[in-house]
Amino acid sequence: MELEAIPGVGAKTAAALRELDDPAATVESGDVAAIARAPGVNEARAARIARGAIRRRHDDDGRVLATDRARELYREAIDLLRERTVTDYAAKRLETFYPSASASRVAEAQAFAADATARDPDPAVREALADCAPLSDPPTVRVRDRCLATADAETLARAETEMPELSVETVEDARDVSELGRSYASVIVLDESFAGLDVEGDVSVRPDALDTPAETVPERLLAFFAENRERLEAAAVVHEAAAAAGDPVSGGDDDAEPPVDLDRLRDALSRLDDDGTIAGDAELDRLTAAVDDLDAAVSTAASVADDRLREAIRERDVTIEGTDFLSLVEQGARVDSLLDRELADEYDEAVDAARDHLADALRLEPEEAELAERVFGGDPSFPVDHDESAVSRLRTELSAARDRRAAKLKADLASDLGDLREPVEELVRDALELDVELAISRFAHDFDCTLPEVVSPDEGDADADGDATRGFRIEGGRSPMLDVDFAEVEPVDYAVSGATLLSGVNSGGKTSTLDLVALVVVLAQMGLPVPAESATVERFEEIHYYAKSQGTLDAGAFEATLRDFGDLVDGADGRLVLVDELESITEPGASAKIIAGILEALDDQDATAVFVSHLAREIRDAADFAVAVDGIEAAGLVDGELRVNRSPKKGHLARSTPELIVEKLADDRGGEFYGDLLEKF
C-alpha cells in the first residue's frame, strides 16, 4: 500500500507511519491503537487515518454528508454512541464509522454491527473495561554491559538502526575483539569471518544476531511487557469477565478461548519487575545484594574484628598493663610485632570472625567465601586492616556472577515471552474492540434499534409487497435526540419516494420528523442499527439537510442561498434532500414559486426530497408536476393543548394551527363570524 495514497496522509504522516513494524498491514487493519503508536500520531489522528484507509479499500471517494446540518447530525449520532463507551480507544474507534455510499463498506460495517448487537452489555464486563487501554512502546532501553562488533560498514549501519539499545563497535582483528572483551561483560561479533575466535571474556560470534532480537537484546521484549503489565492484566480480566458472563470476547463456542494462555502470561509477568528487570529469583537477588552491600559488609566485618581484639587486649596481661597498651595502640604505636608475639591466637580469631561475618552478611557460596578470606589477613594490625585488591576481586567475581545470572534469566524469560508478543497484542485489541461492540449494543438496546435494509437505487422500484425501494421507509421510528425521555417518544411511520411536501401544524413534529429521517439514513449508511422497528433506506450518494433559517434573509444572503440550491439541482443523482421551512428566506409568495421550481428540478433527477412548509397548497399550485403532499395531522385542541398524530399521513394536506383554533371557536361559540372564517380555509 502506498501510504500517501490514503486520504489525509501526507509525506510527514507517511514517514511517521513507516516507523511501525508493518505500516501497510497496520493501517489496512483499521486498528486505531496500533496506528497511534507511530511517532506523533495521536488516537484522533489515527482514527482519521484508519477511516481514510477504509475509504481507499472500498474505493469510497464520495462525501455523503453534504451540508452543515447533515454533518452536525452525524456528530450527534456519534456522540450518542461515544457516551456508551468505557475506554478512550472505543470513543476514537467509533470515528471510523461514517456514512458511506459504497455498498461493500455498508455491508462490512453492518456485519460488524450485527455481531455487536448480539452481545449482552454485562455490567461486570464494562467494569473490567475501565482499566483497559492500548499497548504502548517503552522508551529505548540502553544496555551498557553488552556490545555488537563488526568489521563491515553496511552491517554496522544496520546494527545501529535495528538495535539502538546496544553499542556497536568497529573491529578489524582478534586483538580488537579481545580489547572489547575486557571492556564489556559480553561481546557479540556479527561477522562469520571471526568464527572460531578464541579470546578471553564472554565473546560469541553470531552472524544471525540481528535477526533474533529476543536473544540478542532480550531487554527490549522485557521492557515492552514491563511497560504494559497493567494493560495486559486488565485485558486478561476483561476476557475472564466476558467468559463468565457467557459472552466470550472472541465470540462463538469454537473461539471462546483468549489468544494467549492467561495463566502462562501471568506467570511470566510475575517474573518481571516494573523496570524490566528480573523479579522473584532468589539467587539473582542474593548476588545483587552482595554487590550492593559489599563495602558496608567489609567495614562491618572489620569492626567485628576490632571489637574482638579490643576485648582481648583489655583482658590480657602483657609486659605492660592492658589499658596502657591499648592507649599506645590507639595513639598509633607500632604493634604488629607485639600482636604477633602476645596475641597471635586472639588476632587469628578476630580475623576469622571478620571473615565469617563477611560471608554470612553477603550470604556467600563456598567458592565465593574463599575469595572473601583474602580480604582479611596479612600482617597483624589494629585496627584490623583489609586488602582492597581482594575486595575489588570479590566485587568483580560477584558482579560477573550477577550479570551472568541476570543474562540467563532475561534470555529464558524473553524466550518464554517471545511467542506471546503477537498474541498479547490480539488479547488487548480484542478487549478494546469489545468496548466498541458493547457501545453499539448498548445504543441498540437503549433506543430499540434494528439493522435496516440498505438498498441500491438500481435494485428496482418496488419490493415484494409492491412498496417503493427508492427513498426511505421507516416504521416505528423514534428519535433519541428529543428533549424527553426516550420511553415517552411517540413512534413515527413514514415513507417517501420522490419529491414530497410535508405539511402540519406548528409544534406538530415536522422538524423532529426530518431529524428522525436524517438520523435513520445517516446511521443506516454508517452500517449501524437505527431507532425504528424496521427501516429500508436507499443508499444515497449525498445527504443534503437544510435547517430552518432564522428570519428573512437580506438580498446578499438570499442570493447565496439560491446559489446553493442551484448547485444542488445541478449535481449528481442519488441524493436525499431535507429542507425545513425554506419559505422563511423571503416573502411567502416568492418563496412558494422558488420552492416549486426546486422541487421540479429534483423530481427530474429522481431525487428523494422532503420539504417542510406551511405553504404546501401554494407550492403545489405553482409546481408544474403533481407534488406529493403529506401531512402531520392534528386531532384537535384539548384543554388548550395540541393533540397530534405524529406519523405523517400520505397524500394529505394537514390543517394549520389557526384553522384548528377557528374550528374550535366555531364549535364552542357558534355564530356567523367564526363560521365564515372557517370556510375560508
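What counts and what doesn't
- Residues numbered from 1 in each chain as written.
- Predicted model: local features only at pLDDT ≥ 70, side-chain atom pairs only at ≥ 80, totals over all residues.
- Heavy atoms only, no water.
- Helix = DSSP H or I, 4+ residues; strand = E, 2+ residues; numbered from the N terminus.
- Buried < 20%, exposed > 50% of the residue type's maximum accessible area, 1.4 Å probe, protein only.
- Contact = heavy atoms within 4.5 Å.
- Patch = residues over 30% accessible without salt bridge, like charges linked within 9 Å, V, L, I, M, F, W, Y side chains within 5 Å.
- Areas by Shrake-Rupley, 256 points an atom, 1.4 Å probe, with all protein chains shown as cover.
- Salt bridge = Lys/Arg side-chain N within 4 Å of Asp/Glu carboxyl O.
- Lys, Arg positive; Asp, Glu negative; His and termini not counted.
- Charge placed at Lys NZ, Arg CZ, Asp CG, Glu CD.
- Phe/Tyr/Trp six-rings, centres within 6.5 Å; stacked < 30°, edge-to-face > 60°.
- Expected span 1.5 Å × (residues − 1).
- Pairing = 2+ DSSP bridges.
- Axes fitted to C-alpha atoms, helices over the stretch in contact; angles between N-to-C directions.
- Parallel < 35°, antiparallel > 145°, perpendicular 65-115°, else oblique.
- Left-handed = near helix turned anticlockwise from the far one by under 90°.
- Nonpolar A, V, L, I, M, F, W, Y, C, P; charged D, E, K, R; others polar.

**Student:** In this structure, what is going on with the environment of leucine 432? I would like to understand it.
**Tutor:** Turning to its location among the elements, leucine 432 is positioned in helix α21 (residues 421-446). The class for leucine 432 is buried, based on a relative accessible area of 2%. C-alpha of leucine 432 to C-alpha of proline 134: the two residues are 298 residues apart in sequence and 7.5 Å apart in space. Not counting the four nearest positions on each side in its chain, leucine 432 is found in contact with Thr87, Tyr89, Cys132, Ala133 and Pro134.

**Student:** Any chance you could explain a negative patch on the surface here in plain terms?
**Tutor:** Together, Asp356, Asp360, Glu365, Glu367, Glu370 and Glu373 line one region of the surface with negative charge. Counting only elements with at least two residues in the negative patch, the list comes to α18 (344-361) and α19 (366-373). A total of 3 residues in the negative patch trace back to one element, the largest contributor, which is α19. Positionally, glutamate 373 belongs in helix α19.

**Student:** Help me out: how do you make sense of the packing of aromatic side chains in this one?
**Tutor:** For any pair of aromatic rings, geometry is given as the distance between the ring centres together with the angle between the planes. Per the counting criterion, the structure on display carries 5 aromatic pairs. With 5.7 Å between their ring centres and 50° between their planes, phenylalanine 97 and phenylalanine 112 make a pair best called tilted. With phenylalanine 97 in the loop between α6 (88-93) and α7 (103-117) and phenylalanine 112 in helix α7, this residue pair connects regions lying 15 residues apart in the sequence. Owing to a relative accessible area of 2%, phenylalanine 97 belongs among the buried residues under this scheme. Arranged with centres 5.9 Å apart and planes meeting at 65°, the rings of phenylalanine 472 and tyrosine 494 form a pair that is edge-to-face. Of this pair, phenylalanine 472 sits in strand β6 (residues 472-477) while tyrosine 494 sits in strand β7 (residues 492-496), placing them 22 residues apart in sequence. What makes phenylalanine 472 buried here is its relative accessible area of 3%. The exposure class assigned to tyrosine 494 is buried, which follows from its relative accessible area of 4%. Here a set of aromatic residues connected by ring pairs shows up, and it is made of Phe443, Phe447 and Phe486.

**Student:** Explain helix α5 (residues 68-82) to me, please; I cannot follow it from the model alone.
**Tutor:** Since the α-helix advances by 3.6 residues per turn, residues separated by three or four positions end up pointing in the same direction. Taking 1.5 Å of rise per residue, the 15 residues of α5 would be expected to cover 21 Å, and the 21 Å separating its terminal C-alpha atoms lies within 8% of that figure. For α5, every residue scored as buried is listed here: Arg69, Ala70, Leu73, Tyr74, Ala77, Ile78, Leu80 and Leu81.

**Student:** Explanation requested: the sheet that holds strand β8 (residues 499-504) in the structure shown.
**Tutor:** Strand pairs in the sheet, formed through backbone hydrogen bonds, run parallel or antiparallel to each other. With parallel pairing, 5 strands are arranged side by side in an open sheet as β10-β11-β12-β8-β13. A single partner strand is all that each edge strand has here, and the edge strands are β10 (542-546) and β13 (628-632). The mean angle between the axes of side-by-side strands here comes to 15°, regardless of whether they run parallel or antiparallel. Sheet topology places β8 next to β13; 5 bridges connect them, and they run parallel. Residue pairing for β13: leucine 502 is matched across the bridge by aspartate 630. Contacts from helix α22 (residues 510-526) reach β8, β10, β11 (575-580), β12 (608-612) and β13 within the one sheet, and its direction differs from that of β11 by about 155°.

**Student:** Whenever I open this one, the packing of helix α13 (residues 229-244) against helix α14 (residues 262-270) confuses me. Can you help?
**Tutor:** Helices that pack against each other are described as a pair by the angle of their axes relative to one another and the distance between those axes. Relative to each other, α13 and α14 sit at 160°, their axes nearing to 11 Å. Classified by the interaxial angle, the pair formed by α13 and α14 is roughly antiparallel. For the element pair α13 and α14, the recorded crossing hand is left-handed. Residue-level contacts link Arg229, Leu232, Glu233, Ala236, Val237 and Glu240 of α13 to Leu262, Leu265, Arg266, Leu269 and Ser270 of α14.

**Student:** Would you mind going over the packing of helix α15 (residues 282-315) against helix α20 (residues 388-418) with me for this structure?
**Tutor:** In contact at an axis separation of 8 Å, α15 and α20 are set at 160° when each is read in the N-to-C sense. When the axis of α15 is compared with that of α20, the two are roughly antiparallel. Judged by the sense of rotation from one axis to the other, the crossing of α15 with α20 is left-handed. Facing α15, whose interface residues are Glu283, Leu284, Leu287, Thr288, Ala290, Val291, Leu294, Asp295 and Val298, α20 presents Val391, Leu394, Arg395, Leu398, Ser399, Ala401, Arg402, Arg405, Ala406 and Leu409. Of the residues in the contact of α15 with α20, the class split is 12 nonpolar, 2 polar and 5 charged.

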